[in-house]
Amino acid sequence: MAASSSNGRSFREAWQTRMDTVRQQLADVENTPGLGLLCLLGAATGGLCGLVILALHTAIHTLQEPLFEIFGVASGTFTDSSIAFRVAVPVLGALLLGLLVEWVIKSSEYGIVHIIERLVYYQGVLPMKAALAEFTMSALALATGQSVGREGVAAHTGATTGSWLGRQLGLPNNSVRTLVGCGAAAGIAASFNTPLAAVIFAMEVVMMEYTIAGFAPIILAAVTGSLVTFTFTDVHPRLMADYSGFSPVELPYLALVGALLGIAGASFTRLCGALVPLLGKVRISLRIALAGLVTGLLAVQFPQIMGLGFETVNASLAGEYAIAIALGVGLAKLLATSFATAAAIPGGVILPTFVVGSALGSALGSIGALILPGHASDAGLYALLGIGAMMGAVLQAPLSALVVILELSGQTGLVLPGMLVVIAALVVSRRISVSESLFRLLLRRRGLDYRNDPISQYLRRASVLSAMNRRFRIVERRIGRAALDEVLENNIDWLLIRSREHRASLMRPSDVARFVSQEENADIEEIDLHNIPGKRIDAYPIHVRASLQEAFDMVNRNETEALIVERNVTGSRAITYGVLTREAIDGTYRP
């Protein structure tokens, strides 16, 4: 029995030693070992996220099938349903959602806004409970035809998967942040089968920074997430986009189309921003029910706005809608999604922007054919460009939008018109909506903001392990002369003084050595390090997983000059890893 216990303890100690080595490597992911390990973890996160997307797809269809059977919708699509179905299902679904949120879930923290908030204020720690709640609520929302997309829950559950994996392994918070980005990218990639656009989106919108250390693991996560769902074609229905080229004559009109779609995107952002405080005065169950009612009433005339919207996008890409119908679908979807987003219905806004952009783009393409007979391209080309323009305008993510156009079409010839339309939409939308993306605006409406200056970006990427000083010795406040002489013989930079009151302070060994070497102190057998001349610095503990941003904030908040990097083991016992000074933190980003 004793041998078994000893073996178990030895195994745990060996495992802990190995994990400490891994954490040390991941503290500086710019080096090769750390980056390689993070890439492996990113790939694992992507695979787990792909499984979650399959589960979400199954849940949506499991809930939808009985609804279509009850109302006798043989085709299984919202567009072929009766008026009673179009009104009753979204209203009743929204009412049920509202009651569940108010009485059971008691939270409305969902989607990509929640991911960004957690990255900024909680070091990438995403509660599993919130992800499970959004998974359940989003499945219900999408099954009942609410005007939201599934990429919000996909990104949220993926990011939570990455956060969970990082925390289970006790990784530094800078690595956990990257795994959160991996999960978000994998969720988007697995939803749309657009891995490259998912990577750009994660870096441009979620992480809001571009680094090699971030790109590599996020790319692998997007690839593995897509591979898991690759063979299931009904998980991400193909968008049939095709074009036969464009004429240089229509370039001015394409710029105008981009500008008009930029106005639509900015209007959507501003409308959401105006509705949030208004609906915030209403209890959550009623405002979600109101959003469902808006969707139901608009669906009476335009059933195309219900559901995920892949059929609507494909119809727009094929140029099947007349001008009036296309305009009606686009504007109705914009209005319904504004209410759904402001009411905090779980889901996403990316897929709705696909519907709005493709419908309005198709309408503008048909108008262009009337203005430029014989020179204008098919309405389908404008619908495809409209997707990118609307996405770029709403998310303020032009590179993601352009890559989406290229990945959906598979046509490199769309680079020129795509860039023209997306940038025109971006410039106009920034002028109207004061350079804010929808996510940034929703964060601000919650009283939050995102600090994204270069220094903050760097500090968030680095761990305290990469900057701390390991040349220290822990000593008691009262120490014998012989023991102190032995400590001072070591080549150390700090004495870490712990007292019975669990206080900690730091002293330079040179100050102590000066006192000991003085002739009048030669007969002192026990020395009280708190009572000898020398500079002492009060030191606050910080967890070994913390980022340099956390350390920077703690130093300023406590007005101290140093921190002790440690990890609690059992009770009050802690393992100390090093000393981190304000000077060391500043030296990481100052030349």
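Residues numbered from 1 in each chain as written. Predicted model: local features only at pLDDT ≥ 70, side-chain atom pairs only at ≥ 80, totals over all residues. Heavy atoms only, no water.

**Overview of the pairing of strand S3 (residues 494–498)**
Within a regular strand, side chains alternate between the sheet's two faces.
Next, step 1: Most of S3 sits inside the fold, with four of its five residues counted as buried.
Next, step 2: Where strand S1 (residues 472–476) and S3 come together, five bridges link them in parallel fashion. Looking at the pairing, Ile474 lines up with Leu496 of S3.
Next, step 3: Of the strand pairs in this sheet, S3 and strand S4 (residues 504–507) are connected by four bridges, and their pairing is antiparallel. Residue pairing for S4: Leu495 is matched across the bridge by Met507. (Buried < 20%, exposed > 50% of the residue type's maximum accessible area, 1.4 Å probe, protein only. Helix = DSSP H or I, 4+ residues; strand = E, 2+ residues; numbered from the N terminus. Pairing = 2+ DSSP bridges.)

**So, the packing of aromatic side chains**
Next, step 1: Taken as a whole, this structure holds five aromatic pairs when the rule is applied.
Next, step 2: Among the aromatic side chains, those forming a connected cluster through ring pairs are Phe68, Phe71, Phe78 and Phe85. (Phe/Tyr/Trp six-rings, centres within 6.5 Å; stacked < 30°, edge-to-face > 60°.)

**Some remarks on empty space enclosed by the protein**
Next, step 1: Enumeration according to the criterion identifies three cavities of 30 Å³ or more in this entry.
Next, step 2: What the largest cavity holds in volume is close to 110 Å³.
Next, step 3: Considering the residues around the largest cavity, the lining is formed by twelve residues, among which Asn174, Thr178, Glu209, Thr211 and Arg461 are closest to the centre.
Next, step 4: Looking at the lining of the largest cavity, the elements that each hand over two or more residues are helix H7 (173–192), helix H8 (195–207), helix H9 (212–230) and helix H19 (454–461). (1 Å grid on protein atoms, 1.4 Å probe; cavity = no way out; pocket = protein on both sides within 12 Å on 5 of 7 lines; lining within 4 Å. Points joined across faces, edges and corners; volume = space filled by probe spheres on them.)

**Description of unusual backbone geometry**
Next, step 1: Phi angles above zero are rare outside glycine, and Ala344 is one such case at about 65 degrees.
Next, step 2: Of note, Ala344 is situated in the loop between helix H13 (323–342) and helix H14 (350–371).
Next, step 3: Using a relative accessible area of 19% as the deciding quantity, one classes Ala344 as buried.

**Overview of the packing of helix H10 (residues 251–279) against helix H18 (residues 438–445)**
Next, step 1: As a packed pair, H10 and H18 sit with axes 10 Å apart at the nearest point and diverge in direction by 15 degrees. As judged from the angle between their axes, H10 and H18 are roughly parallel. Judged by the sense of rotation from one axis to the other, the crossing of H10 with H18 is right-handed. Seen from H10, the contacting residues are Phe268, Thr269, Cys272, Gly273, Val276 and Pro277; seen from H18, they are Leu438, Leu441, Leu442 and Arg445. (Axes fitted to C-alpha atoms, helices over the stretch in contact; angles between N-to-C directions. Parallel < 35°, antiparallel > 145°, perpendicular 65-115°, else oblique. Left-handed = near helix turned anticlockwise from the far one by under 90°. Contact = heavy atoms within 4.5 Å.)

**Here we look at the environment of Gly480**
Next, step 1: Take Gly480: it is sitting in strand S2 (residues 478–480).
Next, step 2: Note on Gly480: relative accessible area 29%, which makes it partly exposed.
Next, step 3: Expressed as a C-alpha distance, the spacing of Gly480 and Ile524, which sit 44 residues apart in the sequence, is 8.8 Å.

**Structural notes on the pattern of salt bridges**
Next, step 1: This model, assessed by the stated rule, comprises seven salt bridges.
Next, step 2: The shortest N-O distance in the salt bridge between Arg471 and Asp493 comes to 3.6 Å. Here Arg471 is found in the loop between H19 and S1, whereas its partner Asp493 is found in the loop between helix H20 (481–488) and S3, with 22 residues between them in sequence.
Next, step 3: Under the relative-accessibility criterion, Arg471 is labelled partly exposed at 37%.
Next, step 4: Through salt bridges with shared partners, a single ionic network connects Arg477, Arg478 and Asp528. (Salt bridge = Lys/Arg side-chain N within 4 Å of Asp/Glu carboxyl O.)

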